[in-house]
Amino acid sequence: MIGAGGVAVRHAQTLREFADAAVVAVADPDAGRAAELADACDARSYSDPAKMLNEQSPDAVYICVPPFAHGAPELACIASGIPFFVEKPLSVELAIAEQIATAVLEADLITATGYHWRYFDTVTEAAQLLAERPPRVVIGSWLDKVPPPPWWVRRDRSGGQVVEQLTHVLDLLRVLVGEVEVVHAFGHHLSRPDHPDSDIDDVTVATLQMAGGVLGALTASSLLSHKYRAGLEVIADGLALQLTETELTIAREGPPTTRSPANDAKFAVDRAFIDAVLGRGDDVRAPYPEALRTHRLGLAIAESAATGQAVYLSGSGPAGADPAFETLS
Ligand SMILES: NC(=O)c1ccc[n+]([C@@H]2O[C@H](COP(=O)([O-])OP(=O)(O)OC[C@H]3O[C@@H](n4cnc5c(N)ncnc54)[C@H](O)[C@@H]3O)[C@@H](O)[C@H]2O)c1
């Protein structure tokens, strides 16, 4: 385990439920955090991830570091041929994620990413419904509080709310609706007494044009005291779907129906990675190069909000794609 913060603790708890996997070592520059999680897992603790990899030669690694700390952990795993699971977002800067994706493809390495929403059975059901009635317009949102880690409110540390948080919704949008061709976003920041260090936009809106003429609108805000809404609505001819982590609402003829997922997606995403590493399964739904496409979209929205200019993805622009956001072949 590289990184021993909130999400590492969650993955370690899940892994402890597996009879065929064990956390053998935890590395975090915060030695206290590394030791605490290592003790809970009966594992060895390190403050230097490189030293841990050298000494332990693990079968697989979980990389659970903040957005700004990506790069060295992934490249060290690739150099040693160690499969890795990495949390979203993949980076703050696009270049490092592109470098990692290229190296992963060259090494033909098993990877997985923290886009666990793909495993909800409600998402599978939504995809089946949309196969019959193609989407025409989507509305995505993440309206929430500022999460506890101090790095979250710093643009150069987290990438901002769209890159860091709305990314789950962007990934769902790609799975259910398709690729985005053009984004035009606006963001705004006001100084906040409760977060004096913050330099990220606390409100963002974006319009999207997608393949096949599908349109979209996104809103993100971190101004609230609790998670008010985080999810995606998809409208097709005679069909409206609303998906969150906790519910799928289907509105067709007659009264709408709502149900909760029947499975635990956070469990499933870890199980699929471990199965792939053990050679027993092929259900990793967002390996690194696939997750990079979602990450590019988040960074494109952030770029558009910063410049006020539309950003073209996937070669869709008048002069082709912005080279920074061209799709990985
Ligand atoms: N998929 C999900 O549902 C989900 C949920 C929560 C967090 N996350 C993601 O996981 C990442 C971490 O979030 P968190 O809440 O655990 O943050 P956190 O701040 O609680 O923990 C991050 C840990 O990484 C350590 N760290 C920093 N640089 C490091 C380095 N170079 N090598 C090793 N460790 C390093 C820090 O000391 C800290 O202990 C974020 O990108 C976040 O978006 C994903």
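The model shown is predicted, which means the values in this text are computed figures rather than measured ones.

Visitor: Would you mind showing me how to read the site of the ligand here?
Guide: Around the ligand, 25 residues are found, and the nearest of them are Asp 28, Arg 33, Lys 88, Trp 151 and Glu 164. A distance of 2.5 Å separates an oxygen atom of the ligand from a polar atom in the side chain of Asp 28. Burial of the ligand by the protein chains amounts to 82% of its free accessible area of 850 Å². The pocket occupied by the ligand, as judged from atoms lying within 2 Å of grid points, is the largest pocket. Of all the elements in the fold, those that place two or more residues in the shell around the ligand are α1 (6-16) and α8 (161-176). The greatest single-element share of the shell around the ligand, amounting to three residues, is contributed by α1.

Visitor: Please explain the nonpolar core as it appears in this structure.
Guide: What tends to happen in soluble globular proteins is that the nonpolar side chains get buried as a cluster. Residues Met 1, Leu 176, Val 183 and Ile 301 are the most contacted members of the largest nonpolar core, which totals 64 residues. No other element matches α8, which puts seven residues into this core. Split by domain, the residues of this core number at least three in each of domain 1 (6-115) and domain 2 (117-262 + 288-325). Contacts of Met 1, omitting those with residues within four sequence positions, involve Ala 8, His 11, Ala 12, Leu 15, Val 23, Ala 25, Val 26, Ala 27, Leu 37, Met 52, Tyr 62 and Cys 64. Ranked by size, the runner-up nonpolar core spans 30 residues in total, among them Leu 53, Val 65, Phe 84 and Val 163.

Visitor: It is not clear to me how empty space enclosed by the protein should be interpreted in this structure. Could you clarify?
Guide: Within the structure shown, the criterion is met by three cavities of 30 Å³ or more. In this structure, the largest cavity spans a volume of roughly 110 Å³. Those elements that provide at least two residues to the lining of the largest cavity are α8 and α10 (288-307). Examining the composition of the lining of the largest cavity, we find that three residues originate from one element, α8, more than from any other. Classifying every residue of the lining of the largest cavity by side-chain character gives five nonpolar, four polar and two charged.

Visitor: Which parts of the structure should I look at to understand the pattern of salt bridges?
Guide: Proximity of charged atoms lets side chains of opposite charge pair with each other. A complete count under the given rule lists 20 salt bridges for this structure. Between Asp 194 and Arg 192 there is a salt bridge, with its nearest N and O atoms 3.5 Å apart. Judged by relative accessible area, which is 11%, Arg 192 ranks as buried. Linked through salt bridges whose partners overlap, the residues forming this network are Arg 118, Asp 171, Arg 174, Glu 179 and Glu 290.

Visitor: It is not clear to me how the sheet that holds strand β9 (residues 215-221) should be interpreted in this structure. Could you clarify?
Guide: In sheet architecture, strand pairing relies on hydrogen bonds along the backbone and comes in two forms, parallel and antiparallel. Spatial strand order, β13-β12-β11-β10-β6-β9-β8-β7-β14: nine strands in an open sheet with mixed pairing. Strands at the two margins of the open sheet, each flanked by one partner only, are β13 (257-259) and β14 (311-312). One ladder, built from eight bridges, connects strand β6 (residues 135-143) with strand β10 (residues 229-236); its direction is antiparallel. Bridge pairing links Ile 139 to Glu 233 in β10. Those strands touched by helix α6 (residues 121-132) are β6, β10, β11 (239-244), β12 (248-251) and β13, and its axis lies near 160 degrees from that of β11. Across the sheet, α8 lies against β6, β7 (180-188), β8 (203-210), β9, β10 and β11, angled at about 155 degrees from β6, the strand it touches most.

Each value, and the rule that gives it
- Residues numbered from 1 in each chain as written.
- Predicted model: local features only at pLDDT ≥ 70, side-chain atom pairs only at ≥ 80, totals over all residues.
- Heavy atoms only, no water.
- Near = heavy atom within 4 Å.
- Polar contact = N/O pair within 3.5 Å; in protein donor to acceptor, adjacent residues only side chain to side chain.
- Areas by Shrake-Rupley, 256 points an atom, 1.4 Å probe, with all protein chains shown as cover.
- 1 Å grid on protein atoms, 1.4 Å probe; cavity = no way out; pocket = protein on both sides within 12 Å on 5 of 7 lines; lining within 4 Å.
- Sits in = over half its atoms within 2 Å of the grid points.
- Helix = DSSP H or I, 4+ residues; strand = E, 2+ residues; numbered from the N terminus.
- Core = buried A, V, L, I, M, F, W, Y, C linked by side-chain atoms within 4.5 Å.
- Buried < 20%, exposed > 50% of the residue type's maximum accessible area, 1.4 Å probe, protein only.
- Domains from an automatic or database assignment.
- Contact = heavy atoms within 4.5 Å.
- Points joined across faces, edges and corners; volume = space filled by probe spheres on them.
- Nonpolar A, V, L, I, M, F, W, Y, C, P; charged D, E, K, R; others polar.
- Salt bridge = Lys/Arg side-chain N within 4 Å of Asp/Glu carboxyl O.
- Pairing = 2+ DSSP bridges.
- Axes fitted to C-alpha atoms, helices over the stretch in contact; angles between N-to-C directions.

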